[in-house]
Amino acid sequence: MPLAIALTTPSAIPLEVDAVTLQAVRDLKPDAVRGILIQRGNRQAPLGDFFDVSGSAADDTLVWQGDLSRVKWIGARHSGGRVLVEGNCGMHLGSEMTGGEIEVRGNVADWAGAELHGGRIRIRGNAGHLVGSAYRGARRGMTGGEIIIDGHVGNEIGHAMRRGLIAIAGAAGDFLGVSMIAGSILTFGEVGIRHGAGMKRGTIGLLGARDPELLPTFREACECQPVFLNLVAARLESLGFEPAGMLRNRRVRRYCGDLLELGKGEIFAAA
Amino acid sequence: MSMLKIANGTVHDPRNGVDGVVMDLWIRDGRIIPAPVEPDVRADRTIDAQGMVVMPGGVDMHCHIAGPKVNAARKMRPEEKRTARVVRRTANTRSGTTGSVPSTFATGYLYTGLGYTAAFDAAVPPIAARHVHEEFDDTPIIDKGFYVLVGNNHYVMKQVAANEPDRLRAYLAWLLNATGGFATKLVNPGGVEVWKTSGGNAKSLDDPVDHFNVSPRQIVREVARTVDELRLPHSVHIHCNNLGLPGNWTTTLDTMRALEGHRGHLTHIQFHSYGGGVDDQSTFCSRVPELAEYFNSHPNLTLDVGQVMFGDTTSMTGDGPLGYYLHQVFGRKWFNADTEMEAGCGIVPIEYKDKSLVHTLQWAIGLEWYLLVNDPWRAAMSTDHPNGGSFLAYPEIIALLMDRERRRAMLERAPKGFRERCTLADLDREYTLNEIAIITRAAPARMLGLDRKGHLGPGADADITVYDRNADIQRMFEIPRYVVKGGRVVVENGELRIPDEDALEDPGLGRLLHVAPDYDAECMPDIQKWFEASYSIQFRNYPVDPSYLHHHEIVPVRS
């Protein structure tokens, strides 16, 4: 039975649980986990004041339960094993994670997978702004790994992203891949505006959007059928990502940009 | 007032000719006093310094620790703040952040913990003086002062061009009074104004400054002359033109000559000692030997080094075009400011890499300067904090200067082509503890005209650092055993021991040092007329009210 941490006493002041990594609790008994100090606003308090703890993480699985929308930093710096969130989840999910897997069966607030370095985050619901982004001031966002989202997302997804894959089944806001350095962002729903502003390299796929508005610093290059989309499709299908089939033998209009920067990036729009 | 005695320490007090003598120091009312003649006098507290090394508190004569540019840099580096060590709130400390640009309180604690008891911010636009005083008031324990930027000041250039030395003298003296400043500073004289006007720069001492009909040479000479006439404690503090550019050593030599025998302090001279073609990084090399030869034979000159240390830091400068140049070279984010009639500013994050030939040469050129200056009394240690690295690197620099084997070990990893481009590998000199005491406290205090700092004779401020002896020199200087500031023991066993409210309220701690030279009031109407035609604020609101100076002390002009 995995280690289960269930929210019993919700707090209007956000709780920050970055101290509760799978690595830290793997060998702990429930009582010891309850004693871990977490941050509540500007004070520290034992986890047990807010959560009930049962089971053991010896099988490398940690389950968070309840409405965790005010619980921040779940799975931050996660490095291996599986974290399952059964409910909504607060900001900074899987921040700076390096490996392993996080799955959320609910909606997630902003900064999910910010500066992700490896591993996979699967969000079954919606996510907020700045998924896979660089924290403010930093030079690089996500540098590896996968973020797969079955719902909708907000703005600035993959800000300054350097490597890895973000796939979004639903709608996305503005500034997809802003200042992107490299990597891939694929969207399958409607999108906002100003995608790829300042991007140097990388791929942004706007595969479900009708006549997306592009910046004037992107130039239409050609219509084509990139072979690698079939490979991505195979990977996403293996993960049970529903719209993956839209990538199979897909013809797209390719735009290159941002011509104010290096201009080696590409945006695929539906052909 | 209670009496403190530091007993049996091995004292290094070069100004008083004391080189490693075991003796007692007696302290009362914040000052060092002669040893009592009556044998039965007992101190209220005695620190047993048997086997320990005792020196005056360190004096950092060139750093950037307060004011709008420092604050802009703090705001600009959240990515660094996020991972840097934090200072937590305790009975002795306010909370704060560190990294290359620590917050105000943290700056005071870090300097104190390092055994430094005085530090001088080297580049303050006069109009920002009020802000600096406010930040200084929140920078506890250490004494502080700042230099006001005048090298691109419109009124200065106007009076130099008009050959009005009396007006120039009155203006500089009034400006120091109005701001509560300690000294005058030239940053890329004339060049910043050219950049602000046209995007260009002053490439030589004789380039014209658009619209002002003056040259950098005239600005250097006339301000240096005026500072000498005013008998200010510190000479004019000069950041030469062409900082950081290959081939800039001729500009530096020209600047030394332009002083025409007047006192002049050449700051962060490491950045100004490069050979090679301006547009060709591959020819970059050291020209320290040539510059040091001129420097050694001209006693009117002093310098601080501006040592570069490897790692990530933040470059901040009043040299606007330099900030833009660094932004172009490194492609990192950039902040630029234009301060009315007075100055410019540029801020860029920067990383010095030991794999880079240019950066390794910059590192070596700094060390060459320490090792090629004959008279340590004319050279001060600095990293131009945070431009070349943090002041927290001083212990490492000390270790490099005292141990040539340590330098050799570094040189073995130097990139290809290094050895042909500088003389560091040939320099065997090793600093003694006494010479370290000179370049880190006695010499900067003397250059600044601070008679009560940098030494341990009777009457001196009781700013004292006590080190445990350690074969690891860097370690020894990183964590002093005791630090005494203004007669109070502020660090013990490497820990801050002064309650927060004392650190802020004790008038012997955290003072402002400034100058208040006399000036000719008859020149004021002309200054006011110019001011009111140009500035964004009212003339009467410009001078800093004395209430902003908090605990302060006027350093007298030289006799």
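Use the structure listed above.
Quick summary incoming for the structure in this document. (Residues numbered from 1 in each chain as written. Chains lettered and ligands numbered in written order. Predicted model: local features only at pLDDT ≥ 70, side-chain atom pairs only at ≥ 80, totals over all residues. Heavy atoms only, no water.)

1. Section: the overall build of chain A
At step 1: Within chain A, the secondary structure is distributed over 3 helices and 17 strands.
At step 2: By the compact-globule yardstick of 18 Å for 271 residues, chain A fits well, its C-alpha radius of gyration being 19 Å.
At step 3: Projected onto its principal axes, the C-alpha coordinates of chain A cover approximately 60 × 35 × 25 Å.
At step 4: Counting across all 271 residues of chain A, residues that qualify as buried make up 54%.
At step 5: Excluding contacts between residues fewer than 6 apart, the proportion of contacts in chain A whose partners are at least 24 apart in sequence is 41%.
At step 6: Of the roughly 11,000 Å² that chain A leaves accessible, carbon and sulfur atoms contribute 48%. (Helix = DSSP H or I, 4+ residues; strand = E, 2+ residues; numbered from the N terminus. Rg over C-alpha atoms; globule rule 2.2 N^0.38 Å. Buried < 20%, exposed > 50% of the residue type's maximum accessible area, 1.4 Å probe, protein only. Contact = heavy atoms within 4.5 Å. Areas by Shrake-Rupley, 256 points an atom, 1.4 Å probe, with all protein chains shown as cover.)

2. Description of the layout of surface pockets
In this approach, a probe sized like a water molecule rolls over the atoms, and the result shows the empty space that is left.
At step 1: Estimates place the volume of the largest pocket at around 540 Å³.
At step 2: Taken together, 19 residues line the largest pocket, and the ones lying closest to its centre are Ala-138, Arg-139 and Lys-200 of chain A together with Gly-331 and Arg-332 of chain B.
At step 3: Looking at the lining of the largest pocket residue by residue, the class counts come to 6 nonpolar, 5 polar and 8 charged. (1 Å grid on protein atoms, 1.4 Å probe; cavity = no way out; pocket = protein on both sides within 12 Å on 5 of 7 lines; lining within 4 Å. Points joined across faces, edges and corners; volume = space filled by probe spheres on them. Nonpolar A, V, L, I, M, F, W, Y, C, P; charged D, E, K, R; others polar.)

3. Focus: the side chain of Lys-485 of chain B
Residue and element names in this part refer to chain B.
At step 1: By the element assignment, Lys-485 lies in strand E22 (residues 482-485).
At step 2: Within the local environment of Lys-485, its side chain forms a polar contact with the side chain of Asp-143, the two groups lying 3.1 Å apart.
At step 3: Among the polar contacts made by the side chain of Lys-485, one reaches the main-chain carbonyl oxygen of Gly-508 at a distance of 3.2 Å.
At step 4: Not counting residues up to four positions away in its chain, the partners in contact with Lys-485 are Thr-117, Ile-141, Ile-142, Asp-143, Lys-453, Ala-462, Asp-463, Val-490, Gly-508, Leu-509 and Arg-511. (Polar contact = N/O pair within 3.5 Å; in protein donor to acceptor, adjacent residues only side chain to side chain.)

4. Remarks on the pairing of strand E11 (residues 146-149) of chain A
Residues and elements named next belong to chain A.
At step 1: Of the two faces of E11, both are covered, the one formed by Glu-146 and Ile-148 as well as the one formed by Ile-147 and Ile-149.
At step 2: Relative to E11, strand E10 (residues 120-123) runs parallel, the two sharing 4 bridges. Its bridge partner being in E11, Ile-121 is matched across the sheet by Ile-147.
At step 3: Where E11 and strand E12 (residues 165-168) come together, 4 bridges link them in parallel fashion. Within E12, the residue paired with Glu-146 across the bridge is Leu-165. (Pairing = 2+ DSSP bridges.)

5. Topic: the interface of chain A and chain B
At step 1: Facing the 7 residues of chain A at the interface are 5 residues of chain B.
At step 2: Summed over both partners, the interface of chain A with chain B comes to about 480 Å²; 41% of that surface belongs to carbon and sulfur atoms.
At step 3: Viewed at the interface, chain B and chain A are joined by 2 salt bridges.
At step 4: There are 3 residue pairs in polar contact (both at pLDDT 80 or more) connecting chain A and chain B. (Buried area = accessible area lost by both parts, 1.4 Å probe. Salt bridge = Lys/Arg side-chain N within 4 Å of Asp/Glu carboxyl O.)

6. With respect to the packing of aromatic side chains
Residues and elements named next belong to chain B.
At step 1: Under the defined criterion, the tally for this structure stands at 29 aromatic pairs over all chains.
At step 2: When the ring of Tyr-467 is compared with that of Phe-477, the centres are 4.6 Å apart and the planes differ by 55 degrees; the resulting orientation is tilted. Within this pair, whereas Tyr-467 is found in strand E21 (residues 464-467), its partner Phe-477 is found in helix H16 (residues 473-478), the two being separated by 10 residues in sequence.
At step 3: By relative accessible area, Phe-477 is classed as buried at 2%. (Phe/Tyr/Trp six-rings, centres within 6.5 Å; stacked < 30°, edge-to-face > 60°.)

7. What to know about helix H15 (residues 433-447) of chain B
Residue and element names in this part refer to chain B.
At step 1: Between its terminal C-alpha atoms H15 stretches 20 Å, which fits the 21 Å expected from 15 residues at 1.5 Å a residue.
At step 2: Maximal helix bending in H15 amounts to about 45 degrees, located at Ile-439.
At step 3: The buried count for H15 comes to 14 of 15 residues, which makes it a mostly enclosed element.
At step 4: At the exit of H15 stands Gly-449, carrying a positive phi of roughly 70 degrees. (Expected span 1.5 Å × (residues − 1). Bend = angle between axes of the 7 residues up to and from the residue.)

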